[in-house]
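# What the coordinates show
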Amino acid sequence: MNLIFTLLSTRQYLSKEQLRQAIADYRDSSQQAFERKFERDKEELRELGITVETGSNDKYFDDEPGYRIRRDAVELPDLSLSREEAAVLGLAAQVWEHAGLAQDSMSALVKLKAAGVTIDTDVVRMAEPKLSANEPAFDAAWDACTRRVPVAFDYRRPGQDPSRRHVQPWGIVSWRGRWYLTGHDTDRDAPRVFRLSRVVGEIATDGAPGSYDVPDDADVQAAAASFLPSSPDRSAVLRIRRDRGQGLRRSAESSRVVTDEVDEVVVPYASGWDLAAEIASYGPDVVVLEPADLRAAVVDRLRAAVRDAS
Amino acid sequence: MNRSGQQVLRMLALVPYLQGNEGVPVAEVAREFGVTPAQIRADLRLLMFTGVGEYAGELIDVDLGALDADDVVYIRDAEFMQRPLRLTPAEGIALIVALRTLRDSATGAQLAIVDSALAKLESAVGGEVEAPVGVHLDEDDESIRATIVDATAAGRRLRLEYVGAARDERTVREVDPRRVFVEQGRRYLEAWCLRARDLRFFRFDRVVSAQATGESVEDRAVAPRALGDGLFTVGDDAASAVLDLDPAAHWLIEYYPVDELAAPEPGDGRRRVRLFASDLDWIRRLVLRNAGTVHVVEPSSLREDVALWARSALAAYDDDDPITQE
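Values in this document were obtained by computation on a predicted structure and should not be read as measured data. (Residues numbered from 1 in each chain as written. Chains lettered and ligands numbered in written order. Predicted model: local features only at pLDDT ≥ 70, side-chain atom pairs only at ≥ 80, totals over all residues.)

Right, let's get into the overall build of chain A. If you tally the helices and strands in chain A, you get 12 helices and 15 strands. Split into buried and exposed, the 310 residues of chain A put 39% on the buried side. When contacts within chain A are restricted to residue pairs at least 6 apart in sequence, long-range pairs at least 24 apart make up 55% of them. (Helix = DSSP H or I, 4+ residues; strand = E, 2+ residues; numbered from the N terminus. Buried ≥ 20, exposed ≤ 12 C-beta atoms within 10 Å, placed from the backbone. Contact = placed C-beta atoms within 7 Å.)

In structure tokens, the structure reads:
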């Protein structure tokens, strides 16, 4: 702290020796201990996001380099937040249900309050989304993405033994409450998406921070879109009993009455496999008229269910 | 960041905060900073050993008399730090991702507020900030979402047409909205259901239509439900079944509340679980949906039920079945 305060209060660059004289803890240490403490403190400042400038007071003389902190570079600028913007930031600080990130949000908020921002979340009323992250691998994955650190980990796909994967992380994505890591799989030399809950054990660092580039076109959302449902490109014609099959009716393109009991419903879809599963779950209430391959897929599934019970 | 790092960050924010709030009660400082009053006192004691030098006037001075007698804080000789530090990249990313998540649920005028807050926040971060983090929420109808969020904010009663998750039915009900939240990537409305005379959760993507009735919500003294209560937790009245899962169905274990049991024959890749749900009908649909890879062990009534449904469904594929006749 004293190092921060001393460097903040000087306009001049202070040499290492001047700093040692100015700060009691440094002065009372041996030369070696001082060097060690000084390096450690500089590293701590870096972690706090404080850049210590090195330079010289006199550009014509090659004297010993000095240190200073530029106020405008480290002080929080005046953000001129409106009441509503401040309230939105207050709500944002309540989004994380994850110890470390809740703490980070909170200490960001504390800085705003210290700058005189009044935060009254009652000013705006909006949905209160929550983000949690229960995967043990989350913290390491988050850190690797934000600092661009190559990683290695054991990854278990369902029904298979874990295998070692080497990845240059691009980003992480939350979908349906689960976290996924996207990146370049260096063994397969291709982009891959990994579900963090399937990571076995620890994520190990596998290189230096910033040692690779994230390709410009590696939009994290787009990479993750590979496991998101794609847009429907086909339609199925279904016969559905009146008032049944509500999940299917919700996405219907059109519907017409066939008899007192039955409607004919046209449902757009992308994956025949998923739709066949959905239709089978309704049993006799939903029957496929066409296409034939969907009809066959549903019949296969139902036969499997009958076989199971006999 | 470790604990002492957090303390340093807090103390660095305390210095400008206390200069801007002379005579503030300790309890209020603790509330604003999200820590205990004892922690604030400990921070203050440490602060007195810091400054730009070690002589009087160079060290931060805390008025201990006022602190002990009146529980209020005055500090002096801290003019060298009157503004807090910029946000660290870690703080910035945490808030930026949270704001993006808020934005995903915002409608209308709220969007502009979130966007300008995001832009200002990015300028408050020291150093470069990259937030390679995406939050993807399930699609739902934007006009339905706007209707629900607006009615919730204005305290207006809603008429919802809703398709329940457990039973295959569509209902129309009037509800008094209480709040909107996101859980597991999906938006929900918590509302008092006038039909059930109880609090209910409604998933946005299951709402077929939403309309404000024009009435205001009634005040009811109902304790808010803890997030997750009755939504994803297993109730006492839950139904359950023992299922064998082929490898292709092992993903179910990650998705639904199950207790894993000893595998029937170790080595064949099947896993045995007890799966919990609101009722057996729902489990029957799950088994039919995954027929061939999910096998019912018990209860035997469920096994027979699954077979009965499958047989009668297959009968409908015979050409002379009434459902396919015009």
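With that settled, the discussion passes to the interface of chain A and chain B. Each side of the interface is counted separately: chain A has 93 residues, and chain B has 101 residues. If one sorts the elements of the side of chain A that touches chain B by residue count, helix 7 (residues 99-114) of chain A sits on top with 11 residues. Among the residues forming the side of chain A that touches chain B, the class breakdown is 53 nonpolar, 21 polar and 19 charged. In terms of strand pairing, strand 5 (residues 128-129) of chain A meets strand 7 (residues 170-183) of chain B through 2 bridges, oriented parallel. In the strand pairing of strand 7 of chain B, A:P129 is matched with B:V182. (Nonpolar A, V, L, I, M, F, W, Y, C, P; charged D, E, K, R; others polar. Pairing = 2+ DSSP bridges.)

Let us now look at the sheet that holds strand 1 (residues 14-15) of chain A. Strands belonging to one sheet form pairs held by backbone hydrogen bonds; the direction of such a pair is parallel or antiparallel. Pairing within the open sheet is antiparallel, and its 3 strands lie in the order 1-3-2 (chain A). Only two strands of the sheet have a single partner each, and these edge strands are strand 1 and strand 2 (53-55) of chain A.

This part takes up the nonpolar core. Counting residues in each nonpolar core, the largest one holds 117 residues, and the members touching the most others are A:V88, A:L89, A:A92, A:A141, B:L95, B:A98 and B:L102. When residues in this core are grouped by element, the largest group, 9 residues, is from helix 5 (residues 89-105) of chain B. Leave out the neighbours within four places in its chain, and A:L89 touches A:L109, A:L112, A:I119, B:L95, B:A117 and B:L121. If you look at the next biggest cluster of nonpolar residues, it comprises 38 residues, including A:I240, A:Y269, A:L275 and B:A291. (Core = buried A, V, L, I, M, F, W, Y, C linked by C-beta atoms within 7 Å.)

Residues and elements named next belong to chain B. Taken together, 4 strands build an open sheet; the order of strands is 12-13-11-14 and the sheet is antiparallel. Two strands close off the open sheet at either side, each with one partner strand: strand 12 (258-261) and strand 14 (294-298). Here the strands of the sheet are splayed against their neighbours by 35° on average, with no regard to which way each runs. Bridge analysis of strand 12 against strand 13 (residues 271-277) gives 4 bridges, and the strand direction is antiparallel. Residue pairing in the sheet places D259 in a bridge with R274 of strand 13. (Axes fitted to C-alpha atoms, helices over the stretch in contact; angles between N-to-C directions.)

For the rest of this paragraph, the subject is unusual backbone geometry. Residue A:P291 follows A:E290 across a cis peptide bond; omega there is 5°. Within the secondary structure, A:P291 sits in the loop between strand 15 (286-290) and helix 12 (292-309). Backbone torsion omega between B:E298 and B:P299 reads 0°, so that peptide bond is classified as cis. Position of B:P299 relative to the elements: it lies in the loop between strand 14 and helix 10 (300-315). Of note in this structure, B:D77 is not a glycine but carries a positive phi near 60°. Considering the arrangement of structural elements, one finds B:D77 in the loop between strand 4 (75-76) and helix 5.

The next subject is the packing of helix 2 (residues 26-33) of chain B against helix 3 (residues 37-47) of chain B. Each packed pair of helices is defined by two parameters, the angle between the axes and the distance between the axes. Residue and element names in this part refer to chain B. Between helix 2 and helix 3, the least distance of the axes is 8 Å, while the angle of their chain directions is 100°. If you check the angle between helix 2 and helix 3, you find them roughly perpendicular. Contacts between helix 2 and helix 3 pair V26, A27, V29, A30 and F33 from the former with P37, Q39, I40 and R41 from the latter. Here the contact of helix 2 with helix 3 is composed, by residue class, of 7 nonpolar, 1 polar and 1 charged. (Parallel < 35°, antiparallel > 145°, perpendicular 65-115°, else oblique.)

A separate point is helix 4 (residues 31-47) of chain A. Counted at 1.5 Å a residue, the expected span for helix 4 of chain A with its 17 residues is 24 Å, and the 25 Å between its end C-alpha atoms agrees. Looking one or two residues beyond helix 4 of chain A, the residue adopting positive phi is A:G49, at roughly 85°. (Expected span 1.5 Å × (residues − 1).)

Residues and elements named next belong to chain B. This prediction gives chain B a mean pLDDT of 82; 87% of its residues lie at or above 70. Element-level pLDDT for chain B is lowest in strand 5 (residues 133-136), with a mean of 73, against a maximum mean of 94 in strand 1 (residues 24-25). Segment residues 226-236 is flagged for pLDDT under 50; beyond a separation of four residues in sequence, or across chains, it makes 10 contacts in the model. Both confidence scores are given for the complex: pTM 0.70, ipTM 0.73. (pLDDT = per-residue confidence, 0-100.)

This brings us to the pairing of strand 13 (residues 254-257) of chain A. All names here are of chain A. Of the strand pairs in this sheet, strand 13 and strand 14 (residues 262-269) are connected by 4 bridges, and their pairing is antiparallel. In the strand pairing of strand 14, S255 is matched with V265. In this antiparallel pair of consecutive strands, strand 13 and strand 14, the connection spans 4 residues.

Attention now goes to the packing of helix 9 (residues 280-289) of chain B against helix 10 of chain B. Residue and element names in this part refer to chain B. Contact geometry of helix 9 with helix 10 gives a least axis separation of 10 Å together with a crossing angle of 60°. Classified by the interaxial angle, the pair formed by helix 9 and helix 10 is oblique. Seen from above, helix 9 lies across helix 10 with right-handed handedness. Here L280, I283, R284, V287 and L288 of helix 9 come into contact with helix 10, specifically with L302, D305, V306, W309 and A310. Among the residues making up the contact of helix 9 with helix 10, the classes are represented as 8 nonpolar, no polar and 2 charged. (Left-handed = near helix turned anticlockwise from the far one by under 90°.)

Once that is clear, we can look at the pairing of strand 8 (residues 163-175) of chain A. All names here are of chain A. The element strand 8 is largely enclosed, with a buried count of 10 among its 13 residues. Here strand 7 (residues 151-155) runs beside strand 8; their pairing, made up of 5 bridges, is antiparallel. Note on strand 8: the bridge partner recorded for D154 is R164. Sheet topology places strand 8 next to strand 9 (residues 178-185); 8 bridges connect them, and they run antiparallel. For G171, the partnering residue across the bridge sits in strand 9 and is T182. Counting the residues in the hairpin turn of strand 8 and strand 9 gives 2 residues, including R176, whose phi is positive at 50°.

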